[in-house]
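The lines below spell out each chain.
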Amino acid sequence: MSTEEKPAAAPRSLAEALRGRDDASLAALLRSRPDLITPVPTDLTQLATRAGTRASVVRALERLDRFALQTAQALAVAADPATYEELLGLLAGDDGDPAVAAALPHTLGTLREQALVWGGDDRLRLVRTARELLSPSPQHPSPTGLGPSVQEAASGMSPGRIQEIVTAAGLPSTHDSVSAVASLTALFRDRTRMAALLDEAPHESVEVLDRLVWGPPYGQVTADPAPRLRWLLDRGLLLPTAPGTVVLPREVALHLRGGRVHRVPEPVPPPVGAAATHHPQVVDATAAGQAYTALATVEELLKDWDEGGPAVLRAGGLSVRDLKRTAVALDLPEPVAAFWVELAYAAGLLASDGEADERYAATPAYDEWRERPAAERWARLATAWLAATRTAGLVGGRDAKDRPLSALGPGLDRSAAPEVRHRVLTLLAGLPQGAAPVPETVSARLRWERPPRGGRGGPVGSPAESDRSAAGSPAKGDGDDLRSRLARWTLDEAERLGITGRGALSAHGRALLGAPAPRRPEAEPEGPGDKLPVHHRPAPPPPPLSPAEQAAAAAAAAADAARLLAPLLPEPLDHVLLQADLTAVAPGPLQRPLADLLGVLADVESKGGATVYRFTPGSVRRALDAGRTAADLHAFLAAHSRTPVPQPLTYLIDDVARRHGQLRVGAASAYVRCDDDTLLGEILADRRAAGLGLRRLAPTVLAARTDPAGLLEGLRAMGFAPAAESAEGDVLITRADARRTPPRSAPEPVPDGPPVPDDTLLTAAIRAVRAGDLASTVPHRAPAGDRATGGGLPRTGAAETLATLQAAVLTGEALWIGYVNAEGAASQRVIAPVRVEGGFVTAYDHTADEVRTYPLHRITGVAELADDAD
């Protein structure tokens, strides 16, 4: 039979299985496990080695859905290799499960594509590292609840004791322990003989087995076991593992379970239930109201910090006292206030000023943000929230070192947060329009899509590297429940932000999801695996977007969301209603200039559908300090009030303006001057001025020990209306928005591992890996002087190397060379020499797929390719 007619041999290793894949399948592998491409492997053998490392395998296992993980766990307790029928039996049981049978081909294709399983349906192999992680052991019990096999449990037993068990079980004695264990194993795997043996068991003995069958499989016995235990021990249905400890062998447990590895296989994800359904217009209107409140809250927060916010803690972040003060100012609970503070920080609207006495303040971007239309301002907040890895829900907890986690402080980044937010909103988008989900079903769905580590159905092993990322140590209580907590926080925060209304996703929330979500490997459609049958091959995934394409898509989604939200937000008003009790009522949102000046001229007394402002001597003085005159204020109120300006308000403005600036405060350390010496005498006689350290320097000048700012505050507290002045004697005008940080960029999200490579990178990487694999596996002739050993680099003398290269230039043949670069890294390459001169060889490098020039002194040796090389 010719070579073409010979059937393809089954792969003997993962590297051989990868070598048999096409480029599309390799691209799917690198896309689902992007850590394998950082850095690009030199060949397929190195790729296979990297795919089998503990860190990479743990990361891949943690990204499997529950049924894929259950399938891997079943392979871990099956024979190595196993057949497809054996695997199906372990998952579906003796009675069969149609849902398992329907889901298994796709799931097995996923495991194959991710290089966790390789081989054909007749020889399925789980990669060795995954088997070590998922196999039952006393140190790491398996979520399957199974114990060791008979062979593993009996490895430490004496030959005589093994023969006694074989005899008691009704089997013929053997000449050695190996055959005895094999005979006992065969008995436990034979359903007919095993059923007959258990029919002879006392009822009490069967009850013992029932307690151990679903795990844990270990139990304690005394030195003189009870008869029900002695019957089981004598026949090997329980085997000793340590003094006083016995275990139920895996084969016995599988028989008692009806062949199933898991008590409840979960091939189908749990559905997300709807708690209530509302009219879509009601949902959109409610969400728009929440969006308007969100904008007002952020503005109020940053207005409160306009003149300089709280100090930055030495370790970073906001102190507990400052967070409480901020919560009181916003009239919100502390956790909710922490959310708004973190959201403003994520959107780049506030930051630390970087001064020696570091404080938080609004950034210049805040002023630009305030000038945008309301819907665009909301879109910026919403997109920042979706992409942020900082998690406000952790504020108030403690990290792994028992240090408190503070708002704006370190340790709040959780790289899974953006993916969970996108996934939760996507699940809401899958419900009927206007339907609000049952929160518990959302959490259950997320737990199925990515089981908690070490929990029920979760992978066993060390945390993946992503858990030790730049996000810092996980907080206490994070553990396996972090994704469920993130899901709950997402539902609350989306409602607070106006993405949902009454729990249901709004129309502008759906539009916002047009931005590309972080890729979830376990939920992606998978590419073809190791020569799978057609019905086993999942569909290939869509190509990932480049960073520029992702940014463009996100911007388009935000613009679309803003367009849908804009008609639902109230139009800003250009008027207020002045009342005789020195208040003004704003029946809706105000236009920016009106809101800014009114916010300086009056204090907010109450908020809601309408905002009530109160005019006080202090608020009027604040407007005068900002450079306004009494005439300006009268004209402003007359122009923007739908009611006549009340006489008490006119008198208040005139009275404060008449006294404003009579006293002038400057720097001496500080001084007070006034043309009215009687007024200065009144200040000196006031007991409340004792702490200011005042003394008269001249009839119209007082000096003070305190600084100008403290003197201003002290005099204002006494009921006076002083004004600050410059060294030239001019009145200093204080703007409400005077304090801003230097330009600051929003914090960058902490990535969840390496980014998913785009098509350009994948194409280049696969080409390099293929070329490197060709260089390492292509057949070659070993010249007489070749000193290479066992697959190492070729070693030839300088003269022979030069002669071989020159001959190849004439014949156009390709050569296999060993090369050491300037950093001392050795590699092997396949080249077609073009020119040899000046101590260099110029050649087409098949490994790099380009023409390169190599110094001859760095070439360790050359060898001709074999005649049958491709």
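Structure shown above.
Residues numbered from 1 in each chain as written. Predicted model: local features only at pLDDT ≥ 70, side-chain atom pairs only at ≥ 80, totals over all residues. Heavy atoms only, no water.

Trainee: Sorry if this is basic, but what is going on with the sheet that holds strand E14 (residues 603-606) here?
Mentor: Pairing is antiparallel across the open sheet formed by four strands, whose spatial order is E12-E13-E15-E14. If you trace the sheet from one side to the other, it starts and ends with strand E12 (577-579) and E14, each paired once. Going across the sheet, the axis of each strand differs from the next one's by a mean of 30 degrees, ignoring polarity. Bridging between strand E13 (residues 583-586) and strand E15 (residues 611-614) involves four bridges; their strand directions are antiparallel. The residue of E15 that forms the bridge with Ala584 is Tyr613. (Pairing = 2+ DSSP bridges. Helix = DSSP H or I, 4+ residues; strand = E, 2+ residues; numbered from the N terminus. Axes fitted to C-alpha atoms, helices over the stretch in contact; angles between N-to-C directions.)

Trainee: For this particular structure, what's the right way to read empty space enclosed by the protein?
Mentor: The method is simple in principle: a probe with the dimensions of a water molecule rolls over the atoms, and the space it marks as empty is what remains. The final tally for this structure, using the stated rule, is three cavities of 30 Å³ or more. The computed volume of the largest cavity comes to approximately 90 Å³. Contributing to the lining of the largest cavity are Phe339, Glu342, Leu343, Ala346, Trp385, Ala388, Arg390, Thr391, Ala392, Arg421 and Glu493. Examining the composition of the lining of the largest cavity, we find that four residues originate from one element, helix H18 (residues 334-346), more than from any other. Grouping the amino acids of the lining of the largest cavity by side-chain chemistry returns six nonpolar, one polar and four charged. Of the volumes computed, that of the second largest cavity is approximately 40 Å³. Going through the elements one at a time, helix H10 (159-168) and helix H11 (177-189) are the ones with two or more residues in the lining of the second largest cavity. Residue classes in the lining of the second largest cavity are distributed as eight nonpolar, no polar and no charged. (1 Å grid on protein atoms, 1.4 Å probe; cavity = no way out; pocket = protein on both sides within 12 Å on 5 of 7 lines; lining within 4 Å. Points joined across faces, edges and corners; volume = space filled by probe spheres on them. Nonpolar A, V, L, I, M, F, W, Y, C, P; charged D, E, K, R; others polar.)

Trainee: Looking at this structure, I do not really get the environment of Ala832. What am I missing?
Mentor: By secondary structure assignment, the location of Ala832 is in strand E22 (residues 826-837). Judged by its relative accessible area of 17%, Ala832 falls in the buried class. As a C-alpha pair, Ala832 and Asp845 span 13 residues in sequence and 6.6 Å in three-dimensional space. Filtering out sequence-adjacent residues up to four positions away, Ala832 remains in contact with Glu813, Ala814, Ala843, Tyr844 and His846. (Buried < 20%, exposed > 50% of the residue type's maximum accessible area, 1.4 Å probe, protein only. Contact = heavy atoms within 4.5 Å.)

Trainee: How should the nonpolar core be read in this particular structure?
Mentor: Proteins that are soluble and globular tend to have nonpolar side chains buried together. Of all hydrophobic cores here, the largest spans 91 residues; its most connected members are Phe188, Leu237 and Leu238. Ranked by residues supplied to this core, first place goes to helix H5 (residues 66-77) with eight residues. For Leu238, the residues in contact, after removing those within four places along its chain, are Val208, Leu209, Leu212, Leu229, Leu232, Leu233, Val246, Val247, Leu248 and Pro249. Leu349, Ala435, Ala487 and Leu513 belong to the second largest nonpolar core, which has 71 residues in total. (Core = buried A, V, L, I, M, F, W, Y, C linked by side-chain atoms within 4.5 Å.)

Trainee: Where do I start with the packing of helix H22 (residues 439-449) against helix H23 (residues 482-497) in this structure?
Mentor: For any two helices packed against each other, one specifies the crossing angle of their axes together with the interaxial distance. With their axes 9 Å apart at the nearest point, H22 and H23 run at an angle of 140 degrees to one another. The angle between H22 and H23 falls in the class oblique. Between H22 and H23 lies a crossing of right-handed hand. Residue-level inspection shows Pro439, Ser443, Leu446 and Arg447 of H22 in contact with H23, the latter providing Arg483, Ser484, Ala487, Arg488 and Leu491. By residue class, the composition of the contact of H22 with H23 is four nonpolar, two polar and three charged. (Parallel < 35°, antiparallel > 145°, perpendicular 65-115°, else oblique. Left-handed = near helix turned anticlockwise from the far one by under 90°.)

Trainee: Is there a simple way to explain the pattern of salt bridges in this structure?
Mentor: A side chain of one charge can pair with a side chain of the opposite charge if their charged atoms are brought near each other. Following the criterion strictly, the structure yields 38 salt bridges and no others. Glu419 serves as the salt-bridge partner of Arg483, at 2.8 Å between the closest nitrogen and oxygen. In this pair, Arg483 is assigned in helix H23 and Glu419 in helix H21 (residues 417-429), connecting sequence segments 64 residues apart. We classify Glu419 as buried; its relative accessible area is 7%. It is possible to trace a salt-bridge network through shared partners that takes in Arg161, Glu164, Arg230 and Asp234. (Salt bridge = Lys/Arg side-chain N within 4 Å of Asp/Glu carboxyl O.)

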